[in-house]
Amino acid sequence: MQPIAWQISLVLMALVAFGFAFVAINSGRRQEDYSPLQKSAYRLRSRLFWGLVLVFGPAMIYTLFELPYDAARANTGAGPVQVVDATGYQWRWELSQDHVAVGQPVEFRVTSADVNHGFGIYDANLHLVAQTQAMPGYTNTLRHTFSEEGTYKILCMEYCGLAHHNMLTEIRVGAQ
Ligand code: CUA
């Protein structure tokens, strides 16, 4: 540890010890009557509760009308859905195709052949655009419509062993 670090931690420990001592010394004193304060706090709490119910109840019902969200989103792009099967292995990805059309919905069906992996799609600036988990025995469906052409990277997002960092591939998004 750096000298300054142990000095800071010593000061912090002293402050904590002082806090404990303060509470211990004051705990013996008689308590004042808090019941009026308690009553008004309960009143405030119940008003707050019903206020939240009034605001979020209708908001929740309103948003439920858009269910199921995924199906609604998948149909927004023009053209048919492009299906890409993606399987994770220690330590590589296998895609049924490595290029898709821009502006058309893509359905990634993601699974794993061994352990849990994270399936993350990144754009050229390495910003995450979509992700799901790759799990053995399950197929997770990830729908995404690429709005820009380019080469996207697929990286593993979950530590899965020694060569986890090497688990990457690319998918090209081009003209229709
Ligand atoms: Cu696969 Cu990390």
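Residues numbered from 1 in each chain as written. Predicted model: local features only at pLDDT ≥ 70, side-chain atom pairs only at ≥ 80, totals over all residues. Heavy atoms only, no water.

(A) Fine view of the overall build of the protein chain. Broken down by element type, the protein chain carries 3 helices and 9 strands. The buried share among the 176 residues of the protein chain stands at 24%. At a minimum sequence separation of 6, the contacts of the protein chain that also span at least 24 residues come to 64%. Carbon together with sulfur atoms contributes 61% to the accessible area of the protein chain, which is approximately 12,800 Å² in total. (Helix = DSSP H or I, 4+ residues; strand = E, 2+ residues; numbered from the N terminus. Buried < 20%, exposed > 50% of the residue type's maximum accessible area, 1.4 Å probe, protein only. Contact = heavy atoms within 4.5 Å. Areas by Shrake-Rupley, 256 points an atom, 1.4 Å probe, with all protein chains shown as cover.)

(B) Structural context of the UniProt feature "transmembrane region" (unreviewed entry) in the protein chain. Under the present numbering, the feature "transmembrane region" (unreviewed entry) in UniProt falls on residues 6-27 and 48-65. When the span residues 6-27 is considered, its composition is 95% helix and 0% strand, and the gap between its end C-alpha atoms is 31 Å. As annotated, residues 48-65 has a helix share of 94% and a strand share of 0%, and its two end C-alpha atoms lie 27 Å apart. (UniProt positions renumbered as here; feature names shortened; annotations may be inferred.)

(C) Looking closely at the side chain of T87. Its location among the elements puts T87 in strand 1 (residues 82-89). What makes T87 buried here is its relative accessible area of 17%. Leave out the neighbours within four places in its chain, and T87 touches R92, W93, E94, T111, S112 and A113.

(D) Up close: the pattern of salt bridges. For the coordinates displayed, the defined rule picks out 4 salt bridges. The closest approach of N and O atoms between R92 and E94, which form a salt bridge, is 3.0 Å. For the salt bridge of R143 with E107, the shortest nitrogen-to-oxygen distance reads 3.0 Å. Taken together, the residues R143 in strand 7 (residues 140-145) and E107 in strand 4 (residues 105-112) connect sequence positions 36 residues apart. We classify E107 as buried; its relative accessible area is 10%. (Salt bridge = Lys/Arg side-chain N within 4 Å of Asp/Glu carboxyl O.)

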